[in-house]
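Coordinates in review
For reference, the chains in residue letters:
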Amino acid sequence: MRILPNAKERRVLLGIGAVLALVAANGPAATELAERAWHDYSVNQEAYKARYGHWDVVDVPDRFRINAIHAALLRTGKVLLIAGSGNDEKNFRAGTFQSVLWDPVRNTFKQVPTPKDMFCAGHAQLPDGRLLVAGGTARYEKLTGDVRRAGGAMLVKNENPDAPRTFPAGTVFVGSTGKRYRSQLPVLVPRATKTVTGRDRPKGKGGKGKAKGAGKKVTVTAAQARVYVEAVTGGEGGITHTADQYRIQGLTGKDAQDLYGLAAKLGLDKKDFQGLRDAYEFDPIAERYVRVDPMDEARWYPTLVTLRDGRVLAVSGLDDMGEIIPGKNEIYDPATRTWSAGPDRYFPTYPALFLTAGGRLFYSGSNAGYGPADRGRTPGLWNVDTNSFEPVPGLPERDMTETSASVLLPPAQQHKVMILGGGGVGESHRSSKRTAIADLGEPAPRYVPGPDLPRPTRYLNAVLTPDDRVFTTGGSGDYRGKRGSDILRAQFYDPGERAFHTAAEPTVGRDYHAEALLLPDGRIAVFGSNPLFADAAGTRMGSFEKRIEVYTPPYLYRDHRPALRTGPLDAERGGTLTLPGTDRREVATARLMRPSAVTHATDVEQRSIALSVSAGPAGAVTVTVPGDPSLVPAGWYMVFLVDRAGTPSRAAWVHVH
């Protein structure tokens, strides 16, 4: 990374060199201090910035420092940071749920009332610029030994075909032995199903007409719903080892006959996180959450991915029992703000799914956190309409895709997806420096190896830039930064050269629960990190990283950048858009970039679309937006003009219909 200094800088360096020689004689601590001073001096030189870029830590007032688990860029240019309870059970028990809006231009912050624990929810950009946030945390995990009350799944049955029934949280179920269990969440049990079969039979000998109903058979099939219950009594006294039927305390007469609970073993086993059904749209203009129709399935760690018609598919997650959802996916319609059943297909939690040609979704193999090692890990193309799945072979180290990063390489018209790094399933110490690229435009797509990362890395953040590169930063070599394995490195991947190029090193370590995204001015902001330990020996518990660090790429240290008026614009797919403020001769490329919504190294929203450029009126250029909704789903985008040196303009916001 060494840059040769000019004459003036050489004089400064001689002075620093003398200081280095002096302090070196005073021991390792002084030497380390001097080396740090030398590094700080080097990275702040203009020549260094022009080659490698520069990092700055944002000054965040104490009251706005939150555990940023999720980050989304809104069409206003502000960034919504969502903590929910922030992986802090004390916040969860206190009902302290947080979101903060950050304006990166003015560097101002605003607290946003957060109605539910959106910790580990899913999110997607909607066609009108709102952000859909669905799922979250209904209960924190309890490890074996920490569980104080026996519990598990209770099936609540309803044999009444005339009416559904809702039971509030705290409803008590009493078993045949007198053991009592209390529901932890409200539960709605649908009405039973009544079917009538057969025909009326004629009356007997000497009778007239038919015996009404005599040949018909009425069958009532009980409806059911699941709810998590815990023993009223703590300790081993609450354990039930056998299946039992439970009466619902407070019901009498026919209600007591029609409504009851069924459960198998209710024990003191480990309890995983439980998901929420709740869903909200965040309004970027009113700057508030708006409640919408809840999902049918509770979800914790789900992926939300936009479909070509603007609807959103919710996939995977842990349910309200803490069990991974066995393939029940559902679709949100922003026009009606309601959910409907989607195609059944199993994936591990937070699967990386990318909208591709023809409306198919490509599952890169990347995922995060939960799911068996031998199921749902095969990359492939999923046709949501027919629910068919075409495996894409060739991925090296398929057992190392958990906590990996995936991106739709720029420009999106090339239909190439890259997977980077990753680790073993669960709390594995293993990590990978593997990258691989799948060309989905091929008749029989398969992964081919890409260049290795500098080091084996999991939790890597990957961000598309307007000059058709991929910026990668942070991550760790071990599970949640164990053994002091945070990686203070960054690099650019150039798809044309199929090579990585070194970037300036960040100053803040980032691993689990870190995110990064592109800002409208061309900078990259990085948030969060949740290391397990504060030291390499693992003797002190780690704390959540609340600092924001912003990277300014080398392209912003050039003398000139294209001008572009940044007022909001409208465009139709397949139509043209006039961009005032610059001359056609100055522009080499134009890119339409979808804003990020990222968590857990998973960002399926970001994409960079090439726009054809032609001469417009004086002082303007005209660009053409592709007409394929699989390439350009409706919504708000940033449009960048890029000159021949690769320097982007500031983005203008455009609403694509």
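Our subject is the structure listed above.
Below is a summary of the structure that appears in this document.

Basis of the calculations
Positions within a chain are numbered from 1, following the residues in the order the chain's sequence is written. Reporting of local features is limited, given that this is a predicted model, to residues whose pLDDT is at least 70; pairs of side-chain atoms are given and counted only at 80 or more, and all residues count toward the totals for whole chains, interfaces and linings. The side-chain quantities take in all heavy atoms of the structure and omit both hydrogens and water. A run of H or I in DSSP counts as a helix once it spans at least four residues, and a run of E counts as a strand once it spans at least two, with each numbered from the N terminus. Buried means the residue's accessible area, taken with a 1.4 Å probe over protein chains only, is under 20% of the maximum for its type, while exposed means over 50%, and partly exposed covers the values in between. Any two residues whose heavy atoms approach within 4.5 Å are treated as being in contact. Methods summary: accessible areas were calculated by the Shrake-Rupley approach with a probe of 1.4 Å, and residue burial reflects only the protein chains presented. In this charge count, Lys and Arg are treated as positive and Asp and Glu as negative; neither His nor the chain ends contribute. Working definition for charges: the position is that of NZ of Lys, CZ of Arg, CG of Asp or CD of Glu. Here, nonpolar core refers to any group of buried Ala, Val, Leu, Ile, Met, Phe, Trp, Tyr and Cys residues whose side-chain atoms link them within 4.5 Å. Only one rule defines a salt bridge in this text: a Lys or Arg side-chain nitrogen within 4 Å of an Asp or Glu carboxyl oxygen. Note on pairing: two strands pair once DSSP finds at least 2 bridges between them. Grid spacing is 1 Å over the protein atoms alone, the probe is 1.4 Å, and a cavity is where that probe fits but cannot get out, while a pocket is an open set with protein on both sides within 12 Å along at least five of seven lines and lining residues have an atom within 4 Å of a point. Grid points are joined across faces, edges and corners, and a volume is the space filled by probe spheres set on the points. Here the term charged refers only to Asp, Glu, Lys and Arg, the term nonpolar to Ala, Val, Leu, Ile, Met, Phe, Trp, Tyr, Cys and Pro, and the term polar to all other amino acids, Gly among them. Note on geometry: axes are C-alpha line fits, over the in-contact stretch for helices, and angles between N-to-C directions span 0 to 180 degrees.

Structural notes on the overall build of the protein chain
- Within the protein chain, the secondary structure is distributed over 5 helices and 50 strands.
- If one aligns the C-alpha atoms of the protein chain with their principal axes, the spans along those axes are about 120 × 65 × 45 Å.
- Evaluated residue by residue, the protein chain yields a buried proportion of 54% over its 657 residues.
- Across the protein chain, the fraction of contacts at a sequence separation of at least 24, relative to all contacts at a separation of at least 6, is 63%.
- In the form shown here, the protein chain has an accessible surface area of approximately 27800 Å², with 50% of it arising from carbon and sulfur atoms.
- In the protein chain, 85 side chains carry a positive charge and 71 a negative one; their mean positions are 6 Å apart.

With respect to the nonpolar core
- In this structure, Val79, Trp102, Phe527 and Ile548 are the most contacted members of the largest nonpolar core, which totals 55 residues.
- Broken down by element, the residue count for this core peaks at 4 residues, all from strand β41 (residues 524–528).
- Those residues in contact with Val79 that sit more than four places away from it in its chain are Ala71, Ala72, Leu73, Val100, Leu101, Trp102, Leu517, Leu519 and Phe527.
- Counting 49 residues, the second-largest nonpolar core is a separate cluster that includes Phe354, Phe362, Leu408 and Val632.

Digging into the environment of Lys482
- On the secondary structure map, Lys482 appears in the loop between β37 (469–473) and β38 (490–494).
- Separated by 36 residues in the primary sequence, Lys482 and Arg446 place their C-alpha atoms 34 Å from one another.

As for unusual backbone geometry
- Geometrically, the link from Pro410 to Pro411 is a cis peptide bond, its omega value of -15° lying close to zero.
- Looking at where Pro411 falls in the secondary structure, it is placed in the loop between β32 (405–408) and β33 (416–420).
- Of note in the backbone geometry, Arg337 takes a positive phi value of approximately 55° without being a glycine.
- Looking at the secondary structure, you find Arg337 in the loop between β26 (330–333) and β27 (338–341).
- Of note, the phi angle at His415 is positive, near 55°, even though the residue is not glycine.
- When you line up the elements, His415 lands in the loop between β32 and β33.
- Looking at His415, the relative accessible area reads 26%, which means it is partly exposed.

Details of the pattern of salt bridges
- This structure, assessed with the given rule, holds 34 salt bridges.
- Here Glu281 and Arg130 are joined by a salt bridge, their closest N and O atoms 3.5 Å apart. A residue pair is termed long-range when its members are at least 10 positions apart, and Glu281 in strand β22 (residues 279–283) and Arg130 in the loop between β6 (122–125) and β7 (131–134) qualify at 151 residues.
- Between Glu141 and Lys270 there is a salt bridge; the shortest N-O distance is 3.7 Å. Of this pair, Glu141 sits in the loop between β8 (137–139) and β9 (151–158) while Lys270 sits in the loop between β20 (259–263) and β21 (274–275), and the two are 129 residues apart along the sequence.
- One salt-bridge network, held together by shared partners, links Asp128, Arg130, Glu281, Asp283 and Arg337.

Things to note about the sheet that holds strand β2 (residues 70–73)
- Reading across the sheet, the 5 strands line up as β5-β4-β3-β2-β46 and stay open at both edges, with antiparallel pairing between neighbours. The sheet is open, and its two borders are formed by β5 (108–113) and β46 (597–598), each paired with just one other strand.
- Sheet topology note: the β2/β46 ladder contains 2 bridges and is antiparallel. For Ala72, the partnering residue across the bridge sits in β46 and is Ala597.

Side note on the layout of surface pockets
- Empty space within the largest pocket amounts to approximately 1300 Å³.
- When its residues are assigned to classes, the lining of the largest pocket shows 19 nonpolar, 5 polar and 21 charged.
- Approximately 1100 Å³ is the volume found for the second largest pocket.
- In terms of lining, the second largest pocket is formed by 41 residues, of which the most central are Asn87, Glu141, Phe273, Arg480 and Leu532.
- When the residues that make up the lining of the second largest pocket are grouped by side-chain class, the tally is 17 nonpolar, 11 polar and 13 charged.

Description of the environment of Val642
- Relative to the helices and strands, Val642 is located in strand β49 (residues 635–642).
- Spatially, the C-alpha atoms of Val642 and Glu586 are 8.3 Å apart, while their sequence positions differ by 56 residues.
- In this view, Val642 contacts Pro466, Pro562, Glu586, Val587, Ala588, Thr589, Thr647 and Pro648; residues no more than four positions away in its chain are not counted.

Some details on the pairing of strand β25 (residues 312–315)
- Neither face of β25 is left uncovered, since the one carrying Val312 and Ala314 and the one carrying Leu313 and Val315 both have all their residues buried.
- Note: strand β24 (residues 303–306) against β25, 4 bridges, orientation antiparallel. In the strand pairing of β25, Thr303 is matched with Val315.
- Connecting β24 to the antiparallel partner β25 that follows it, the hairpin turn spans 5 residues, and Gly310 within it adopts a positive phi of roughly 90°.

Side note on the sheet that holds β22
- Spatially, 4 strands are ordered β6-β7-β22-β23 in an open sheet, and the strand pairing comes out antiparallel. Looking at strand neighbours, the two that pair on one side only are β6 and β23 (288–292), the edges of this open sheet. Direction aside, the axes of adjacent strands within the sheet are offset by 25° on average.
- Where β6 meets β7, 4 bridges bridge the pair, whose relative direction is antiparallel. Bridge pairing in β7 places Ala124 opposite Leu132.

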